[in-house]
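As a plain string of letters, each chain reads:
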Amino acid sequence: MAENGVMTAEEKCSLITRNLQETLGEDKIKAVLKERDLKVYWGTATTGKPHVGYFVPMCKISDFLRAGCEVTILFADLHAYLDNMKAPWSLLAKRTEYYEHIIKAMLKSIDVPLEKLKFVKGTDYQLSKEYTLDVYRLTSLVTEHDARKAGAEVVKQVSSPLLSGLLYPGLQALDEEYLKVDAQFGGVDQRKIFTFAKKYLPHLGYKERSHLMNPMVPGLTGGKMSSSEEDSKIDLLDSAAQLKKKLKKAFCEPGNTAENGVLGFCKSVLFPLSSTGEFVVERPEEYGGRTVYKSYEELEQAFASQTLHPGDLKGAVEGYLNNLLQPIRKEFESPALKKLTSEAYPVEKKKGGGGGGAKGGNQPEPELSPARLDLRVGKIVSVGQHPDAESLFVESVDIGEPEPRTVVSGLVGLYPEEKLNGRLGIFLCNLKPVKMRGVLSTAMLMCASRADPRTVEPLNVPEGNLPGDRVFFEGHSEGKPDEQLNPKKKVWEKLAVDMQTNSKCVAEWQGSNMVTKLGTVTCDSLKSVPIC
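Small disclaimer: the values here were computed from a predicted structure and weren't measured.

Draft legend 1. Structural view of the packing of aromatic side chains. This structure, assessed with the given rule, holds 13 aromatic pairs. Judged by centre distance (5.9 Å) and plane angle (5°), the rings of Phe 75 and Phe 119 are stacked. Here Phe 75, found in strand S3 (residues 70-76), pairs with Phe 119, found in strand S4 (residues 117-121); they are 44 residues apart in sequence, far enough to count as distant. Residue Phe 119 is classed as partly exposed on the basis of its relative accessible area, which comes to 22%. Arranged with centres 6.4 Å apart and planes meeting at 10°, the rings of Tyr 125 and Tyr 178 form a pair that is stacked. With a gap of 53 residues between them, Tyr 125 in the loop between S4 and helix H6 (129-139) and Tyr 178 in helix H8 (residues 163-178) connect regions that are remote in the sequence. Residue classification places Tyr 125 among the buried positions, given a relative accessible area of 13%. Assessed through its relative accessible area of 24%, Tyr 178 is described here as partly exposed. Through pairs of rings, three or more aromatic residues link up here, namely Phe 271, Phe 279, Tyr 296 and Tyr 320. Above the plane of the ring of Phe 119 lies Lys 104, whose end atom (NZ or CZ) is 5.0 Å from the centre.

Draft legend 2. Fine view of the environment of Arg 450. Position of Arg 450 among the secondary structure elements: in strand S16 (residues 447-450). Owing to a relative accessible area of 33%, Arg 450 belongs among the partly exposed residues under this scheme. Sequence-wise, Arg 450 and Thr 46 are 404 residues apart; in three dimensions their C-alpha atoms are separated by 35 Å. Sequence-distant contacts of Arg 450, defined by excluding residues within four places in its chain, comprise Thr 455, Leu 526 and Val 529. In terms of polar contacts, Arg 450 uses its side chain to reach the backbone carbonyl oxygen of Pro 453, at 3.4 Å.

Draft legend 3. Main features of unusual backbone geometry. The phi torsion at Asp 111 lies on the positive side, around 60°, for a residue other than glycine. Relative to the assigned elements, Asp 111 resides in the loop between helix H5 (89-109) and S4. The residue Cys 505 is not glycine, and still its phi comes out positive at about 70°. Tracing the backbone shows Cys 505 in the loop between strand S19 (499-501) and strand S20 (507-509).

The rules we used
Residues numbered from 1 in each chain as written. Predicted model: local features only at pLDDT ≥ 70, side-chain atom pairs only at ≥ 80, totals over all residues. Heavy atoms only, no water. Phe/Tyr/Trp six-rings, centres within 6.5 Å; stacked < 30°, edge-to-face > 60°. Helix = DSSP H or I, 4+ residues; strand = E, 2+ residues; numbered from the N terminus. Buried < 20%, exposed > 50% of the residue type's maximum accessible area, 1.4 Å probe, protein only. Lys NZ or Arg CZ within 6 Å of the ring centre and 35° of its normal. Contact = heavy atoms within 4.5 Å. Polar contact = N/O pair within 3.5 Å; in protein donor to acceptor, adjacent residues only side chain to side chain.

And the structure:
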């Protein structure tokens with residue numbers, strides 16, 4: 001760095017291009033940097049929900065800003081519509097608004113100052129007379145073959161493509177001119193669109209731009225991380241419980257460093273964001289103890305040699321990811337952003353199969369909603385040790401029925417027997433009864449639970465409620481609970497992954513508060529932990 005603390009052109013170029021897979025036109029970048037700061041734009045089509053893979057471009061945007069670049073983030077709403085109709089017009093405005101809020105929250109979570117950025121919506125200029133005329137000019141130059149080839153890695157490919165998908169690459173090329181930038185930044189999957197822009201913009205009398213390409217980070221299932229493939233991604237608003245579940249399922253074979261999404265995330269996000277340049281793995285002494293990796297190469301070598309176990313790597317990544325996601329989760333706890341999320345991405349009801357109405361025909365599968373859970377207030381009238389299991393309590397519970405129910409809970413050593421006896425709790429009453437060491441349990445006591453250190457707290461019932469009072473989630477009170485949850489459909493398991501306490505110890509499902517007619521359900525002290 002220069003003596004006065006100002007970066008040289010060479011240092012700026014090095015920071016701009018570090019960790020990229022490929023740069024087209026680096027000579028042009030160097031020439032610009034000798035005279036002024038570089039102008040760069042990154043665009044994202046406002047379709048599916050952004051996921052943790054978006055931290056990869058955010059890290060590079062941080063690099064660009066530190067190198068003094070003028071950075072524009074384009075919310076490509078028109079592109080989103082043209083990409084094989086992934087986002088209908090009716091949802092575009094809400095999704096674009098959601099993208100702006102979520103990406104700003106991401107940037108704040110990694111300490112990127114928002115005042116250094118410019119945010120632009122595509123339809124702010126892409127519907128202008130000048131832009132539209134340039135689209136027509138392009139259509140007189142571009143062949144169907146070139147348009148289809150350019151969008152092959154980005155636009156959904158079908159046997160009979162719509163004209164909208166063929167227009168997509170041309171619009172992205174024109175954005176470079178209308179945003180007045182020197183370079184466009186994107187993933188390496190955009191390469192064919194970038195070379196399309198380099199070829200055709202000069203034919204319109206516009207200058208050729210440089211292109212900066214990030215590597216593609218493998219998804220959790222081994223392929224590309226995708227908004228449309230649930231198991232391949234971790235949503236930015238996923239709870240700690242959902243994060244743990246998805247990381248547990250992530251492909252991370254011992255010694256295998258190829259197509260390893262967990263390692264890839266460390267390389268592209270966690271190391272670049274580390275203020276010390278280090279990655280720390282905490283583990284018991286018998287398994288190697290606390291280990292500090294001072295470079296990605298050191299981490300990869302440890303994994304390749306199997307001195308670092310996949311479970312320990314996943315555990316460390318889980319901790320780092322929760323630190324990144326928690327400020328975003330907290331921001332999106334506001335009622336306004338909860339409402340925006342539900343409007344931008346409404347839950348689609350599943351449609352039934354054929355034979356509707358006929359006896360024995362396929363019946364529509366009910367919507368996966370917490371309204372299907374029979375949650376009720378219950379009073380524990382007695383509690384004692386299970387006769388054949390040291391870790392289990394057997395409780396007799398009044399839930400407003402003629403006879404009390406028997407409930408078996410694994411709370412011995414985790415919650416005092418004397419505090420359970422006589423207390424009100426929340427009980428899930430339509431699970432299939434199950435024998436636990438010979439005692440039939442006919443309901444489940446709902447608790448907030450932290451894994452490390454192991455801590456359990458039964459949920460608190462608002463004052464004034466009586467046994468049998470219904471418990472539900474705001475916005476999901478319509479409909480009748482299932483008479484009994486079908487174990488084969490795993491309804492409870494699917495709903496449970498979104499059930500947690502928030503930062504204020506309020507029980508919730510996908511951001512909707514658990515309530516009774518008299519108030520909100522909470523726990524004593526456990527924040528942002530699963531409920532089970």
